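# Tertiary structure, described
If you want the building blocks of each chain, they are given just below.
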Amino acid sequence: MAEMLPAWLAAEGTESEGDAIRMLNTLQTNASYLEQVKRERGDPQAQLEAMQGFLERSGLKVEDLDRLNIIHVTGTKGKGSACAFTECILRNYGLKTGFYSSPHLVQVRERIRINGQPISKDLFNKYFWLVYNRLEETKDPAHSSMPAYFRFLTIMAFHVFLQEKVDLAVVEVGIGGTYDCTNIIRAPVVCGVSSLGIDHTSILGDTMEKIAWQKGGIFKPGVPAFTVAQLERPLEVLRERAQERKCSLYLCPELDDFEEGYQPLQLGLAGAHQRSNAALALQLARTWLQRRGWQGLGELKEVAPSRELLGGPVPLAPAFRLTDAMIQGLRDTEWLGRTQVLSHGPVTWYLDGAHTTSSIQACVRWFRQAALNQDKPHDDSEVRVLLFNATGDRDTAALLKLLVPCHFDYAVFCPNFTEVSLANNADQQNFNVTLENALTRCLENQQTWTRLLEEKVGQDPWLPSPPRVGGLLQPAPNRSSLLLVPQASRPLNSPALVFPCLAQALRWVAQGRDPHLAAPVASGAHPHPAASSGAMLLREAAAVHVLVTGSLHLVGGALRLLVPALSQ
(Lines give C-alpha, C1' and ligand atoms only; values in the text may rest on other atoms or scores of the structure.)
Protein backbone atom coordinates (compact mmCIF):
# COMPACT_ATOMS: atom_id res chain seq x y z
CA MET A 1 0.00 0.00 0.00
CA ALA A 2 1.37 3.42 -0.96
CA GLU A 3 2.52 5.57 1.92
CA MET A 4 0.29 8.58 2.54
CA LEU A 5 2.04 11.87 1.87
CA PRO A 6 1.43 14.90 4.10
CA ALA A 7 -1.34 17.18 2.85
CA TRP A 8 1.16 19.85 1.78
CA LEU A 9 2.71 17.32 -0.62
CA ALA A 10 -0.46 15.66 -1.84
CA ALA A 11 -0.63 17.58 -5.11
CA GLU A 12 1.79 15.90 -7.51
CA GLY A 13 4.60 18.05 -8.89
CA THR A 14 4.11 20.89 -6.42
CA GLU A 15 7.14 20.24 -4.22
CA SER A 16 8.88 23.47 -3.27
CA GLU A 17 12.02 24.20 -1.30
CA GLY A 18 9.81 24.79 1.76
CA ASP A 19 8.27 21.34 1.28
CA ALA A 20 11.75 19.83 1.04
CA ILE A 21 12.81 21.44 4.31
CA ARG A 22 9.62 20.35 6.09
CA MET A 23 10.15 16.79 4.88
CA LEU A 24 13.80 16.95 5.89
CA ASN A 25 12.73 18.00 9.40
CA THR A 26 10.68 14.81 9.73
CA LEU A 27 13.91 12.77 9.46
CA GLN A 28 14.83 13.67 13.06
CA THR A 29 16.82 16.68 14.11
CA ASN A 30 20.18 16.88 15.81
CA ALA A 31 19.17 15.83 19.32
CA SER A 32 17.67 12.53 18.21
CA TYR A 33 20.61 11.90 15.88
CA LEU A 34 22.88 12.23 18.93
CA GLU A 35 20.75 9.69 20.78
CA GLN A 36 21.09 7.34 17.82
CA VAL A 37 24.87 7.78 17.81
CA LYS A 38 24.99 7.03 21.56
CA ARG A 39 23.04 3.81 21.05
CA GLU A 40 25.23 2.64 18.17
CA ARG A 41 28.64 3.83 19.35
CA GLY A 42 29.64 0.37 20.59
CA ASP A 43 29.78 -0.82 16.99
CA PRO A 44 31.21 1.96 14.82
CA GLN A 45 31.63 -0.42 11.92
CA ALA A 46 27.87 -1.06 11.93
CA GLN A 47 27.28 2.71 11.79
CA LEU A 48 29.58 3.19 8.85
CA GLU A 49 28.06 0.17 7.09
CA ALA A 50 24.58 1.63 7.62
CA MET A 51 25.74 4.97 6.19
CA GLN A 52 27.34 3.15 3.26
CA GLY A 53 24.04 1.31 2.69
CA PHE A 54 22.12 4.61 2.56
CA LEU A 55 24.72 6.06 0.19
CA GLU A 56 24.44 3.07 -2.17
CA ARG A 57 20.63 3.15 -2.10
CA SER A 58 20.86 6.82 -3.13
CA GLY A 59 22.84 5.80 -6.21
CA LEU A 60 26.45 6.37 -5.14
CA LYS A 61 29.28 4.06 -4.13
CA VAL A 62 31.91 4.92 -1.52
CA GLU A 63 34.53 4.84 -4.30
CA ASP A 64 32.68 7.68 -6.05
CA LEU A 65 33.64 9.97 -3.17
CA ASP A 66 37.33 9.54 -4.06
CA ARG A 67 36.67 11.80 -7.09
CA LEU A 68 35.83 14.71 -4.81
CA ASN A 69 39.45 15.35 -3.73
CA ILE A 70 38.28 15.83 -0.16
CA ILE A 71 39.87 17.83 2.66
CA HIS A 72 38.44 16.24 5.85
CA VAL A 73 38.55 18.36 9.03
CA THR A 74 37.63 17.62 12.65
CA GLY A 75 38.26 19.28 16.03
CA THR A 76 36.30 20.75 18.92
CA LYS A 77 36.79 24.46 18.36
CA GLY A 78 37.45 26.31 15.16
CA LYS A 79 37.00 23.45 12.71
CA GLY A 80 34.36 25.37 10.76
CA SER A 81 36.55 28.49 10.68
CA ALA A 82 39.58 26.45 9.57
CA CYS A 83 37.43 24.94 6.78
CA ALA A 84 36.21 28.41 5.76
CA PHE A 85 39.79 29.73 5.53
CA THR A 86 40.87 26.64 3.55
CA GLU A 87 37.97 26.89 1.10
CA CYS A 88 38.56 30.60 0.50
CA ILE A 89 42.30 30.11 -0.15
CA LEU A 90 41.63 27.39 -2.73
CA ARG A 91 38.84 29.39 -4.34
CA ASN A 92 41.40 32.18 -4.83
CA TYR A 93 43.39 29.71 -6.94
CA GLY A 94 40.46 29.64 -9.38
CA LEU A 95 39.24 26.24 -8.24
CA LYS A 96 35.55 25.32 -8.03
CA THR A 97 35.04 24.50 -4.36
CA GLY A 98 32.46 22.51 -2.44
CA PHE A 99 32.10 23.03 1.31
CA TYR A 100 29.94 20.94 3.67
CA SER A 101 29.53 22.25 7.23
CA SER A 102 27.16 22.23 10.19
CA PRO A 103 25.08 23.50 11.81
CA HIS A 104 23.38 26.10 9.66
CA LEU A 105 22.65 29.48 11.20
CA VAL A 106 19.75 30.88 9.17
CA GLN A 107 18.93 28.52 6.29
CA VAL A 108 19.71 24.83 5.90
CA ARG A 109 21.14 25.53 2.41
CA GLU A 110 24.17 27.12 4.15
CA ARG A 111 25.44 23.63 4.97
CA ILE A 112 26.14 22.86 1.30
CA ARG A 113 28.14 25.56 -0.50
CA ILE A 114 29.65 25.90 -3.95
CA ASN A 115 32.32 28.57 -4.42
CA GLY A 116 31.60 29.89 -0.94
CA GLN A 117 27.88 30.47 -1.52
CA PRO A 118 24.98 28.35 -0.20
CA ILE A 119 23.42 26.35 -3.02
CA SER A 120 20.35 27.99 -4.55
CA LYS A 121 16.81 27.11 -3.54
CA ASP A 122 16.30 25.41 -6.89
CA LEU A 123 19.42 23.26 -6.50
CA PHE A 124 18.49 22.37 -2.92
CA ASN A 125 15.02 21.34 -4.05
CA LYS A 126 16.37 19.33 -7.00
CA TYR A 127 18.91 17.32 -5.01
CA PHE A 128 16.73 16.86 -1.93
CA TRP A 129 13.98 15.15 -3.92
CA LEU A 130 16.47 13.20 -6.04
CA VAL A 131 17.98 11.64 -2.90
CA TYR A 132 14.69 11.35 -1.00
CA ASN A 133 12.85 9.62 -3.85
CA ARG A 134 15.69 7.17 -4.50
CA LEU A 135 15.73 6.21 -0.83
CA GLU A 136 11.95 5.83 -0.81
CA GLU A 137 12.04 3.61 -3.91
CA THR A 138 14.71 1.32 -2.44
CA LYS A 139 13.47 0.96 1.11
CA ASP A 140 13.57 -2.44 2.74
CA PRO A 141 11.18 -3.48 5.57
CA ALA A 142 14.16 -4.90 7.50
CA HIS A 143 16.03 -1.61 7.67
CA SER A 144 15.34 2.04 8.42
CA SER A 145 14.03 3.51 5.19
CA MET A 146 15.51 6.96 5.73
CA PRO A 147 18.77 8.15 7.28
CA ALA A 148 18.58 10.70 10.09
CA TYR A 149 18.73 14.43 9.32
CA PHE A 150 22.52 14.89 9.37
CA ARG A 151 23.21 11.66 7.51
CA PHE A 152 20.68 12.60 4.83
CA LEU A 153 22.28 16.01 4.29
CA THR A 154 25.75 14.42 4.12
CA ILE A 155 24.58 12.08 1.34
CA MET A 156 22.85 14.95 -0.41
CA ALA A 157 26.04 17.07 -0.25
CA PHE A 158 28.03 14.29 -1.93
CA HIS A 159 25.46 14.16 -4.75
CA VAL A 160 25.58 17.94 -5.17
CA PHE A 161 29.38 18.09 -5.29
CA LEU A 162 29.71 15.19 -7.74
CA GLN A 163 27.01 16.31 -10.13
CA GLU A 164 28.00 19.98 -10.01
CA LYS A 165 31.59 18.87 -10.74
CA VAL A 166 33.52 20.68 -8.02
CA ASP A 167 37.33 20.48 -8.12
CA LEU A 168 37.46 19.68 -4.40
CA ALA A 169 35.23 19.38 -1.34
CA VAL A 170 36.08 20.67 2.13
CA VAL A 171 34.13 18.42 4.52
CA GLU A 172 33.68 19.34 8.18
CA VAL A 173 33.05 16.43 10.55
CA GLY A 174 29.71 16.61 12.38
CA ILE A 175 30.61 15.20 15.80
CA GLY A 176 33.81 13.38 16.77
CA GLY A 177 35.39 11.54 13.88
CA THR A 178 35.53 7.77 14.30
CA TYR A 179 31.75 7.30 14.44
CA ASP A 180 30.81 10.34 12.35
CA CYS A 181 28.89 9.62 9.17
CA THR A 182 31.34 11.70 7.11
CA ASN A 183 33.95 9.06 7.97
CA ILE A 184 32.82 6.85 5.09
CA ILE A 185 35.30 8.98 3.12
CA ARG A 186 38.12 6.51 2.39
CA ALA A 187 40.69 8.54 0.47
CA PRO A 188 40.83 12.24 1.36
CA VAL A 189 43.73 14.27 -0.02
CA VAL A 190 44.59 15.67 3.43
CA CYS A 191 43.09 15.72 6.95
CA GLY A 192 43.10 18.37 9.69
CA VAL A 193 42.40 18.52 13.43
CA SER A 194 41.65 21.94 14.92
CA SER A 195 41.93 22.79 18.62
CA LEU A 196 40.57 20.12 20.98
CA GLY A 197 38.35 20.75 24.01
CA ILE A 198 35.58 19.20 26.06
CA ASP A 199 32.22 18.99 24.27
CA HIS A 200 29.56 16.34 23.49
CA THR A 201 30.90 14.31 26.43
CA SER A 202 27.98 11.87 26.41
CA ILE A 203 29.09 10.72 22.95
CA LEU A 204 32.82 11.36 22.74
CA GLY A 205 33.92 10.75 26.33
CA ASP A 206 34.62 12.97 29.30
CA THR A 207 38.38 13.45 28.97
CA MET A 208 40.55 15.19 26.38
CA GLU A 209 42.31 11.88 25.69
CA LYS A 210 39.05 10.09 24.85
CA ILE A 211 37.99 13.01 22.65
CA ALA A 212 41.38 13.03 20.88
CA TRP A 213 40.98 9.29 20.19
CA GLN A 214 37.63 9.96 18.53
CA LYS A 215 38.96 12.84 16.45
CA GLY A 216 41.95 10.79 15.25
CA GLY A 217 39.48 8.32 13.73
CA ILE A 218 39.43 10.33 10.49
CA PHE A 219 43.13 9.59 9.78
CA LYS A 220 43.64 7.37 6.71
CA PRO A 221 46.63 5.31 5.54
CA GLY A 222 49.09 7.34 3.50
CA VAL A 223 47.10 10.57 3.87
CA PRO A 224 48.99 13.45 5.54
CA ALA A 225 47.29 15.09 8.53
CA PHE A 226 47.92 18.34 10.36
CA THR A 227 46.96 19.61 13.79
CA VAL A 228 47.49 22.78 15.83
CA ALA A 229 49.08 23.19 19.27
CA GLN A 230 47.34 20.84 21.72
CA LEU A 231 47.82 19.81 25.34
CA GLU A 232 50.51 17.15 25.74
CA ARG A 233 48.36 14.06 26.38
CA PRO A 234 45.74 14.68 23.67
CA LEU A 235 48.57 15.36 21.20
CA GLU A 236 50.18 12.07 22.21
CA VAL A 237 46.86 10.28 21.59
CA LEU A 238 46.60 11.87 18.13
CA ARG A 239 50.15 10.70 17.38
CA GLU A 240 49.28 7.14 18.48
CA ARG A 241 46.14 7.17 16.32
CA ALA A 242 48.18 8.39 13.34
CA GLN A 243 50.73 5.58 13.82
CA GLU A 244 48.00 3.00 14.24
CA ARG A 245 46.34 4.18 11.01
CA LYS A 246 49.66 4.55 9.09
CA CYS A 247 49.19 8.28 8.64
CA SER A 248 51.86 11.03 8.83
CA LEU A 249 50.82 13.67 11.39
CA TYR A 250 52.42 17.12 11.56
CA LEU A 251 52.06 20.06 13.92
CA CYS A 252 51.31 23.41 12.25
CA PRO A 253 53.76 26.24 12.91
CA GLU A 254 52.30 29.43 14.38
CA LEU A 255 51.08 32.12 12.01
CA ASP A 256 53.92 34.32 13.33
CA ASP A 257 56.37 32.04 11.48
CA PHE A 258 54.75 32.99 8.17
CA GLU A 259 54.91 36.70 8.98
CA GLU A 260 58.66 36.89 9.73
CA GLY A 261 60.13 39.55 7.45
CA TYR A 262 56.72 40.28 5.89
CA GLN A 263 53.66 42.40 6.59
CA PRO A 264 51.34 41.07 9.34
CA LEU A 265 48.61 38.94 7.80
CA GLN A 266 45.06 40.27 7.72
CA LEU A 267 42.42 37.70 8.59
CA GLY A 268 38.79 37.96 7.52
CA LEU A 269 37.76 36.50 10.89
CA ALA A 270 38.46 38.55 14.01
CA GLY A 271 39.95 37.31 17.27
CA ALA A 272 43.40 36.06 18.25
CA HIS A 273 42.09 32.46 18.38
CA GLN A 274 41.50 32.55 14.62
CA ARG A 275 45.26 32.62 14.02
CA SER A 276 45.65 28.91 14.76
CA ASN A 277 42.69 28.13 12.45
CA ALA A 278 44.36 30.16 9.69
CA ALA A 279 47.69 28.36 10.29
CA LEU A 280 45.92 24.99 9.91
CA ALA A 281 44.18 26.19 6.75
CA LEU A 282 47.48 27.21 5.14
CA GLN A 283 48.93 23.73 5.64
CA LEU A 284 45.76 22.01 4.40
CA ALA A 285 45.51 24.20 1.29
CA ARG A 286 49.21 23.95 0.39
CA THR A 287 49.29 20.18 0.91
CA TRP A 288 46.15 19.76 -1.22
CA LEU A 289 47.69 21.83 -4.02
CA GLN A 290 51.00 19.98 -3.77
CA ARG A 291 49.36 16.54 -3.87
CA ARG A 292 47.25 17.58 -6.85
CA GLY A 293 50.37 18.59 -8.80
CA TRP A 294 50.33 22.38 -8.50
CA GLN A 295 53.63 24.24 -8.94
CA GLY A 296 54.91 27.56 -7.57
CA LEU A 297 53.56 27.11 -4.03
CA GLY A 298 56.17 29.21 -2.23
CA GLU A 299 59.50 28.02 -0.92
CA LEU A 300 59.65 26.17 2.39
CA LYS A 301 61.42 27.77 5.33
CA GLU A 302 63.87 25.69 7.29
CA VAL A 303 62.67 24.52 10.70
CA ALA A 304 65.25 25.61 13.28
CA PRO A 305 66.41 22.74 15.56
CA SER A 306 65.06 24.61 18.60
CA ARG A 307 61.64 24.81 16.91
CA GLU A 308 61.58 21.08 16.12
CA LEU A 309 61.43 20.32 19.83
CA LEU A 310 58.16 22.29 20.18
CA GLY A 311 56.22 19.55 18.46
CA GLY A 312 57.38 16.98 21.01
CA PRO A 313 56.29 13.62 19.67
CA VAL A 314 54.77 15.19 16.54
CA PRO A 315 57.12 16.75 13.93
CA LEU A 316 56.67 20.44 13.20
CA ALA A 317 55.72 21.20 9.59
CA PRO A 318 57.83 23.91 7.96
CA ALA A 319 56.43 27.37 7.32
CA PHE A 320 56.63 28.61 3.74
CA ARG A 321 56.47 31.79 1.74
CA LEU A 322 52.82 32.63 1.14
CA THR A 323 51.45 33.17 -2.35
CA ASP A 324 49.17 36.10 -3.18
CA ALA A 325 46.20 33.70 -3.42
CA MET A 326 46.87 32.45 0.13
CA ILE A 327 47.19 35.98 1.54
CA GLN A 328 44.01 37.11 -0.23
CA GLY A 329 42.14 33.95 0.79
CA LEU A 330 42.87 34.55 4.47
CA ARG A 331 41.81 38.19 4.14
CA ASP A 332 38.59 37.47 2.22
CA THR A 333 37.26 34.67 4.47
CA GLU A 334 33.76 35.20 5.86
CA TRP A 335 32.05 32.90 8.33
CA LEU A 336 28.70 33.96 9.75
CA GLY A 337 28.18 34.01 13.49
CA ARG A 338 31.82 33.71 14.46
CA THR A 339 33.33 36.89 15.94
CA GLN A 340 30.89 38.86 13.79
CA VAL A 341 30.08 42.53 14.45
CA LEU A 342 26.91 44.27 13.22
CA SER A 343 26.77 48.05 13.77
CA HIS A 344 23.14 49.14 13.64
CA GLY A 345 23.10 52.80 14.65
CA PRO A 346 23.70 53.17 18.40
CA VAL A 347 23.31 49.41 18.90
CA THR A 348 26.32 47.21 18.11
CA TRP A 349 25.76 43.45 18.07
CA TYR A 350 28.69 41.11 18.72
CA LEU A 351 27.81 37.57 17.62
CA ASP A 352 29.87 34.50 18.41
CA GLY A 353 28.57 30.93 18.56
CA ALA A 354 31.05 29.90 21.29
CA HIS A 355 29.66 27.03 23.40
CA THR A 356 32.61 25.41 25.21
CA THR A 357 34.66 26.82 28.09
CA SER A 358 37.72 27.46 25.95
CA SER A 359 35.74 29.01 23.08
CA ILE A 360 33.85 31.26 25.54
CA GLN A 361 37.22 32.37 26.94
CA ALA A 362 38.33 33.26 23.41
CA CYS A 363 35.00 35.02 22.82
CA VAL A 364 35.44 37.11 25.99
CA ARG A 365 38.93 38.20 24.91
CA TRP A 366 37.59 39.16 21.48
CA PHE A 367 34.52 41.00 22.85
CA ARG A 368 36.46 43.01 25.40
CA GLN A 369 38.97 44.07 22.76
CA ALA A 370 36.33 44.79 20.11
CA ALA A 371 34.00 46.68 22.46
CA LEU A 372 36.88 48.71 23.93
CA ASN A 373 38.00 49.65 20.42
CA GLN A 374 34.68 51.42 19.87
CA ASP A 375 34.69 55.18 20.35
CA LYS A 376 33.49 56.01 23.85
CA PRO A 377 30.29 58.07 23.98
CA HIS A 378 30.98 61.65 25.12
CA ASP A 379 28.50 61.42 27.98
CA ASP A 380 29.82 57.98 29.10
CA SER A 381 26.35 56.42 28.78
CA GLU A 382 27.30 53.02 27.41
CA VAL A 383 25.24 49.94 28.22
CA ARG A 384 26.50 46.37 27.85
CA VAL A 385 24.03 43.52 27.46
CA LEU A 386 24.62 39.77 27.39
CA LEU A 387 22.18 37.64 25.36
CA PHE A 388 22.83 33.99 26.18
CA ASN A 389 21.50 30.49 25.75
CA ALA A 390 23.12 27.06 25.83
CA THR A 391 21.83 23.68 24.71
CA GLY A 392 22.57 20.00 25.23
CA ASP A 393 24.60 18.66 28.15
CA ARG A 394 26.82 21.73 28.50
CA ASP A 395 27.79 23.10 31.93
CA THR A 396 26.16 26.51 31.62
CA ALA A 397 27.33 27.64 35.06
CA ALA A 398 30.95 27.21 33.94
CA LEU A 399 30.26 29.17 30.73
CA LEU A 400 28.41 31.99 32.50
CA LYS A 401 31.15 32.34 35.12
CA LEU A 402 33.60 33.17 32.33
CA LEU A 403 31.30 35.96 31.10
CA VAL A 404 30.98 37.78 34.44
CA PRO A 405 34.24 39.79 33.98
CA CYS A 406 32.73 41.54 30.94
CA HIS A 407 30.66 43.60 33.43
CA PHE A 408 27.33 43.48 31.66
CA ASP A 409 24.59 45.81 32.85
CA TYR A 410 21.94 43.25 31.89
CA ALA A 411 21.91 39.55 31.14
CA VAL A 412 19.08 38.38 28.89
CA PHE A 413 18.19 34.70 28.51
CA CYS A 414 15.87 33.24 25.89
CA PRO A 415 15.40 30.01 23.91
CA ASN A 416 16.78 29.68 20.39
CA PHE A 417 13.30 30.07 18.86
CA THR A 418 13.00 33.26 16.82
CA GLU A 419 9.27 33.49 17.60
CA VAL A 420 7.05 31.66 20.05
CA SER A 421 5.23 30.29 16.98
CA LEU A 422 7.55 28.50 14.56
CA ALA A 423 4.94 27.75 11.93
CA ASN A 424 6.61 29.75 9.16
CA ASN A 425 10.21 29.08 10.11
CA ALA A 426 11.04 25.57 8.92
CA ASP A 427 14.79 26.19 8.72
CA GLN A 428 14.91 26.79 12.47
CA GLN A 429 12.63 23.98 13.64
CA ASN A 430 13.81 21.49 16.23
CA PHE A 431 11.21 18.88 17.14
CA ASN A 432 13.33 17.61 20.03
CA VAL A 433 13.18 20.75 22.17
CA THR A 434 9.88 21.99 23.58
CA LEU A 435 9.33 25.63 24.51
CA GLU A 436 8.63 24.57 28.09
CA ASN A 437 11.95 22.71 28.39
CA ALA A 438 13.84 25.57 26.75
CA LEU A 439 12.31 28.17 29.08
CA THR A 440 13.08 26.02 32.12
CA ARG A 441 16.72 26.02 31.03
CA CYS A 442 16.62 29.82 30.63
CA LEU A 443 15.20 30.29 34.13
CA GLU A 444 17.96 28.08 35.52
CA ASN A 445 20.52 30.21 33.68
CA GLN A 446 18.93 33.36 35.12
CA GLN A 447 19.27 31.96 38.65
CA THR A 448 22.87 30.91 37.99
CA TRP A 449 23.77 34.37 36.71
CA THR A 450 22.20 36.06 39.73
CA ARG A 451 24.12 33.74 42.07
CA LEU A 452 27.40 34.38 40.24
CA LEU A 453 26.90 38.14 40.54
CA GLU A 454 26.10 37.87 44.24
CA GLU A 455 29.32 35.93 44.75
CA LYS A 456 31.24 38.50 42.71
CA VAL A 457 30.11 41.61 44.63
CA GLY A 458 32.74 42.53 47.17
CA GLN A 459 35.43 40.42 45.48
CA ASP A 460 35.89 42.39 42.28
CA PRO A 461 36.90 46.06 42.30
CA TRP A 462 34.98 46.41 39.04
CA LEU A 463 31.74 45.60 40.85
CA PRO A 464 31.55 47.83 43.93
CA SER A 465 28.34 48.34 45.85
CA PRO A 466 27.06 51.35 43.93
CA PRO A 467 25.31 54.28 45.63
CA ARG A 468 21.59 53.72 45.93
CA VAL A 469 19.06 56.52 45.63
CA GLY A 470 15.61 55.04 46.09
CA GLY A 471 16.18 52.29 43.53
CA LEU A 472 17.07 54.72 40.73
CA LEU A 473 19.77 54.12 38.16
CA GLN A 474 23.10 55.57 39.28
CA PRO A 475 26.48 55.64 37.56
CA ALA A 476 28.87 53.13 39.10
CA PRO A 477 31.94 55.07 40.25
CA ASN A 478 34.55 52.72 38.75
CA ARG A 479 32.87 52.24 35.39
CA SER A 480 31.76 54.41 32.56
CA SER A 481 28.50 52.54 31.98
CA LEU A 482 25.37 52.70 34.08
CA LEU A 483 24.22 49.94 36.38
CA LEU A 484 20.74 49.10 37.48
CA VAL A 485 20.51 49.43 41.26
CA PRO A 486 17.44 47.49 42.37
CA GLN A 487 15.70 48.12 45.70
CA ALA A 488 17.17 45.11 47.42
CA SER A 489 19.47 44.37 50.32
CA ARG A 490 22.22 43.26 47.89
CA PRO A 491 22.83 45.35 44.79
CA LEU A 492 23.33 43.68 41.42
CA ASN A 493 21.43 40.57 42.44
CA SER A 494 18.87 40.54 39.63
CA PRO A 495 19.97 42.27 36.42
CA ALA A 496 18.79 39.18 34.52
CA LEU A 497 15.67 38.82 32.38
CA VAL A 498 14.08 35.86 30.60
CA PHE A 499 12.10 36.26 27.38
CA PRO A 500 10.10 33.49 25.64
CA CYS A 501 11.73 34.00 22.22
CA LEU A 502 14.54 35.80 20.45
CA ALA A 503 12.33 38.38 18.74
CA GLN A 504 11.03 39.69 22.08
CA ALA A 505 14.50 39.68 23.62
CA LEU A 506 16.10 41.56 20.71
CA ARG A 507 13.29 44.12 20.58
CA TRP A 508 13.67 44.83 24.29
CA VAL A 509 17.41 45.31 23.95
CA ALA A 510 17.15 47.53 20.84
CA GLN A 511 14.15 49.60 22.05
CA GLY A 512 13.26 50.62 18.49
CA ARG A 513 16.78 51.95 17.80
CA ASP A 514 17.81 49.17 15.38
CA PRO A 515 16.19 49.78 11.97
CA HIS A 516 15.78 46.02 11.41
CA LEU A 517 13.73 45.48 14.57
CA ALA A 518 10.29 46.74 15.54
CA ALA A 519 9.95 48.59 18.84
CA PRO A 520 8.75 46.41 21.75
CA VAL A 521 4.97 46.28 22.17
CA ALA A 522 3.88 48.23 25.24
CA SER A 523 0.93 45.89 25.92
CA GLY A 524 3.26 42.91 26.25
CA ALA A 525 5.76 44.59 28.55
CA HIS A 526 7.99 42.35 30.64
CA PRO A 527 6.67 42.18 34.24
CA HIS A 528 10.11 42.39 35.90
CA PRO A 529 10.75 45.91 37.30
CA ALA A 530 14.26 45.84 35.84
CA ALA A 531 12.72 45.60 32.36
CA SER A 532 10.97 48.98 32.47
CA SER A 533 13.85 50.88 34.08
CA GLY A 534 16.27 49.10 31.76
CA ALA A 535 14.16 50.04 28.73
CA MET A 536 14.51 53.70 29.68
CA LEU A 537 18.27 53.32 30.03
CA LEU A 538 18.58 51.48 26.70
CA ARG A 539 16.54 54.16 24.92
CA GLU A 540 18.75 56.97 26.26
CA ALA A 541 22.20 55.38 26.13
CA ALA A 542 24.60 56.82 23.57
CA ALA A 543 25.91 53.33 22.81
CA VAL A 544 24.58 49.81 23.44
CA HIS A 545 26.98 46.86 23.08
CA VAL A 546 25.30 43.44 22.93
CA LEU A 547 27.17 40.12 23.05
CA VAL A 548 25.14 37.20 21.69
CA THR A 549 26.79 33.87 22.56
CA GLY A 550 26.48 30.39 24.09
CA SER A 551 24.92 28.62 21.10
CA LEU A 552 25.34 28.70 17.33
CA HIS A 553 21.57 28.15 17.06
CA LEU A 554 20.95 31.28 19.17
CA VAL A 555 23.32 33.28 16.97
CA GLY A 556 21.60 31.92 13.86
CA GLY A 557 18.19 32.99 15.11
CA ALA A 558 19.54 36.44 15.95
CA LEU A 559 21.05 36.79 12.46
CA ARG A 560 17.74 35.82 10.88
CA LEU A 561 16.12 38.80 12.64
CA LEU A 562 18.99 41.29 12.45
CA VAL A 563 19.94 40.65 8.78
CA PRO A 564 16.65 39.83 7.01
CA ALA A 565 18.45 39.48 3.65
CA LEU A 566 20.02 36.22 4.89
CA SER A 567 16.57 34.62 4.82
CA GLN A 568 15.96 35.43 1.16
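Scroll up to find the structure.
Residues numbered from 1 in each chain as written. Predicted model: local features only at pLDDT ≥ 70, side-chain atom pairs only at ≥ 80, totals over all residues. Heavy atoms only, no water.

### Examining unusual backbone geometry
Our working definition: Under the DSSP-based scheme used, a helix requires at least four consecutive residues in state H or I and a strand at least two consecutive residues in state E, with every element numbered from the N terminus. Summary of the burial criterion: residues with accessible area below 20% of their type's maximum are buried, those above 50% are exposed, and those between are partly exposed, where the area comes from a 1.4 Å probe applied to protein chains only.
Cis geometry is found at the peptide bond from Ser 102 to Pro 103, where omega equals -10°. Structurally, the position occupied by Pro 103 is in the loop between β2 (97-100) and β3 (112-114). Phi is positive for Thr 339, close to 40°, though the residue is something other than glycine. Along the chain, Thr 339 turns up in the loop between α13 (324-332) and β9 (340-344). One non-glycine residue, His 407, lies in the positive phi region at around 55°. Classification of His 407 by relative accessible area gives buried; the value is 4%.

### A few points about the sheet that holds strand β4 (residues 117-118)
We count it as follows: Strands qualify as paired when DSSP identifies two bridges or more between them.
Taken together, the eight strands give an open sheet; going across it, the order is β4-β3-β2-β5-β1-β6-β7-β8, and neighbouring strands pair in mixed fashion. Every interior strand has two partners, whereas the edge strands, β4 and β8 (249-251), have only one.

### Describing the packing of helix α5 (residues 121-137) against helix α6 (residues 149-163)
Here is the rule: The angle between two axes is taken between their N-to-C directions and runs from 0 to 180 degrees, where each axis is a line fitted to C-alpha atoms and a helix contributes only its stretch in contact. Between 65 and 115 degrees an angle is taken as roughly perpendicular, under 35 as roughly parallel, over 145 as roughly antiparallel, and anywhere else as oblique. Whether a crossing is left-handed or right-handed is set by the direction in which the near helix is turned from the far one by less than a right angle, anticlockwise for left-handed and clockwise for right-handed. Working rule for contacts: check all heavy atoms of both residues, and any pair within 4.5 Å makes them a contact. Each residue gets one label: Ala, Val, Leu, Ile, Met, Phe, Trp, Tyr, Cys and Pro are nonpolar, Asp, Glu, Lys and Arg are charged, and the others, such as Gly, are polar.
Viewed as axis vectors pointing N to C, α5 and α6 meet at an angle of 120°, and their least axial separation amounts to 10 Å. What the angle tells us is that α5 and α6 run oblique. In the crossing of α5 with α6, the sense of the turn from one axis to the other is right-handed. Where α5 abuts α6, its residues Phe 124, Tyr 127, Phe 128, Leu 130, Val 131, Tyr 132, Arg 134 and Leu 135 lie against Phe 152, Leu 153, Ile 155, Met 156, His 159, Val 160 and Gln 163. Looking at the contact of α5 with α6 residue by residue, the class counts come to twelve nonpolar, two polar and one charged.

### Looking at the side chain of Glu 87
Within the secondary structure, Glu 87 sits in helix α4 (residues 79-91). Take Glu 87: its relative accessible area is 4%, and that puts it in the buried class. Every residue in contact with Glu 87, bar those within four places of it in the chain, is listed here: Thr 97, Phe 99, Asn 115, Gly 116 and Val 170.

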